[in-house]
Amino acid sequence: MDDLEKLALEAFEKGKEDSYVPQDPFLSFGFESNPFLDTSIEELKHQSFQQGRIRNISHYIGKIFSSHVEKSKKRDKNEEILVLDGILYGSSQSGISTTIELTYHLLKNHHNLTLINAKEHVVFENTQYSITKTIQNFRNKLGDLEIGGDTLSVVIIDHSDFLIDFFEDFRLAFERDFQDASIIFVLSHSGWTRLKSKLALSNYDLFNKTIQSLIIKPLEKDDIKEILKMKLSIDGKIQRPFTASVISKISEISGGSINNAIMICVRLCEECFYNGLDSASQHLVNDIGAILGISSNKEFYNLVTLRDNTQTRILSLISMKSIAFDYGITYEEVVVNSDIKAKTSATHHLKQLQEKKFITKKTVNRKAFYRLRDELKTVADSELLPSFEQEEMYVQLESIADLF
């Protein structure tokens, strides 16, 4: 055995003795952990853009409580009582849930207010929503709370997109159990547009049972930049491998989505760690954006800001069917709800949107469903749906229970 072979074998044996433990890339750059795993109330309080949001949401909640005061007066006079609900909606992945949580934290000690995350209580099994189990979960959650009687109470249900498929059944069941409680439903813009269409074709009088809806302002590029600087700094200094210019680039290509920005940050940290890079670059940000499919936000934006375009209408329909546990829209729904005369045209447009990687296709029980990619939902909510509503508000979209 020559010296070089001996050296290689000794190094090999030494390597076997050193067990490999995967390390969080963020730790190697001085962070205590992945900074995006948790956000404290104190951190939220220091985000300047939250002030306007909190003011508007708190004012809106106050309106709902005001309707309770009027309700109490009517009860004393034996007049008919109408419990009014509320609707808060905005762009997906724009930090609405964190703002709602912060507002709830600020108000809960002063008013009888309850916050529930619908996503945690809705039951979906065997390609269907289990309405009975879902309603029972809500009953169990609220059963021990002082709701009803002379107690003024408002229940905020975040992620209410998960209730749209069976909204009427849910609201009626809730009314039976908690007669005097109002609900503020928090929805995505896509979810709100779909709910209006769904209830317009039903006997549920949405507009006489809710006060005027409130749209929550989407995140601007500078807002995302502020969030990233706060999360990626230690003692006020941006931590390697991130820099101010890199954070600006991430904010620019994220398409208004904090989820997209976080995905880029995590992947960027991993790339720098495994490739031994001390600092990231704007070029690397662009590469990662392309790999994750986030860069397509720019092309998507250019398309959806056009008017009178067949594909923008199809994308609006797909967006409304790309929420909660829904699988997406079917080919038949596209044909019924668009001006496309030839069925081959619908197939052509859907194929083009797939090739552009705007939508995905999934087959369930031999039925094809088309769904908007998650990375594009923020742009769809902030740019596509408002234009769609100006043209035509109501469409005929099937509930998932009617498709199987």
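Remember, it's a predicted structure, so these values are computed and weren't measured experimentally. (Residues numbered from 1 in each chain as written. Predicted model: local features only at pLDDT ≥ 70, side-chain atom pairs only at ≥ 80, totals over all residues. Heavy atoms only, no water.)

## Looking at the overall build of the protein
Stage number 1. When helices and strands are counted, the protein shows 18 helices and 12 strands.
Stage number 2. The principal-axis extent of the C-alpha atoms belonging to the protein is close to 100 × 60 × 40 Å.
Stage number 3. Taking all 404 residues of the protein together, the buried fraction comes to 48%.
Stage number 4. Across the protein, every contact between residues at least 6 apart in sequence was considered, and the portion connecting residues at least 24 apart equals 76%. (Helix = DSSP H or I, 4+ residues; strand = E, 2+ residues; numbered from the N terminus. Buried < 20%, exposed > 50% of the residue type's maximum accessible area, 1.4 Å probe, protein only. Contact = heavy atoms within 4.5 Å.)

## Details of the packing of aromatic side chains
Stage number 1. On inspection of all chains with the given rule, the structure shows 18 aromatic pairs.
Stage number 2. Aromatic pair Phe26 and Phe31: ring centres 5.5 Å apart, planes at 85°, arrangement edge-to-face.
Stage number 3. Among the residues examined, Phe26 registers a relative accessible area of 1% and is labelled buried.
Stage number 4. Among the aromatic residues, those joined into a ring-pair cluster are Phe124, Tyr129, Phe162, Phe166, Phe325, Tyr327 and Phe369.
Stage number 5. The lysine or arginine in question, Lys209, covers the ring of Tyr204, its NZ or CZ lying 4.4 Å from the ring centre. (Phe/Tyr/Trp six-rings, centres within 6.5 Å; stacked < 30°, edge-to-face > 60°. Lys NZ or Arg CZ within 6 Å of the ring centre and 35° of its normal.)

## Things to note about the pattern of salt bridges
Any two side chains of opposite charge can pair, given that their charged atoms come close.
Stage number 1. By the definition in use, this model includes 15 salt bridges.
Stage number 2. Put simply, Glu43 and Lys231 hold a salt bridge, and the shortest N to O gap is 3.2 Å. In this pair, Glu43 is assigned in helix H3 (residues 41-45) and Lys231 in helix H10 (residues 221-231), connecting sequence segments 188 residues apart.
Stage number 3. Note that Arg194 and Asp165 form a salt bridge whose closest N and O atoms lie 3.6 Å from each other. Placement of Arg194 in helix H8 (residues 189-200) and of Asp165 in the loop between strand S5 (154-158) and helix H7 (167-177) is noted, with a sequence separation of 29 residues between them.
Stage number 4. Each of Asp165, Arg194 and Asp326 takes part in a single network of salt bridges with overlapping partners. (Salt bridge = Lys/Arg side-chain N within 4 Å of Asp/Glu carboxyl O.)

## Side note on helix H5 (residues 96-107)
Stage number 1. Between its first and last C-alpha, H5 extends 17 Å over 12 residues, near the 16 Å set by a 1.5 Å rise per residue.
Stage number 2. By the burial criterion, the buried members of H5 are Ile96, Thr99, Ile100, Leu102, Thr103 and Leu107. Along the axis of H5, the buried positions cluster into a sector of 165°, meaning they face one direction only. (Expected span 1.5 Å × (residues − 1). Arc of directions from axis to C-beta.)

## Quick look at the sheet that holds strand S7 (residues 214-216)
Stage number 1. Strand order in the open sheet made by the 5 strands is S2-S5-S6-S1-S7, with parallel pairing throughout. At either margin of the open sheet sits one strand with a lone partner, and together these are strand S2 (113-117) and S7. The mean angle between the axes of side-by-side strands here comes to 20°, regardless of whether they run parallel or antiparallel.
Stage number 2. Alignment of strand S1 (residues 86-90) against S7, held across 3 bridges, turns out to be parallel. When the bridges of S7 are listed, Tyr89 appears paired with Ile215.
Stage number 3. This element, H8, spans S1, strand S6 (182-188) and S7 of the sheet and lies at about 115° to S6. (Pairing = 2+ DSSP bridges. Axes fitted to C-alpha atoms, helices over the stretch in contact; angles between N-to-C directions.)

## Thoughts on the pairing of S6
Stage number 1. Burial within S6 is extensive, with 7 of its 7 residues counted as buried.
Stage number 2. Going residue by residue along S6, you find Ser182, Ile184, Val186 and Ser188 tucked away on one face and Ile183, Phe185 and Leu187 tucked away on the opposite face as well.
Stage number 3. Here S1 pairs with S6 via 5 bridges, running parallel. The partner of Ile87 across the bridge, within S6, is Phe185.

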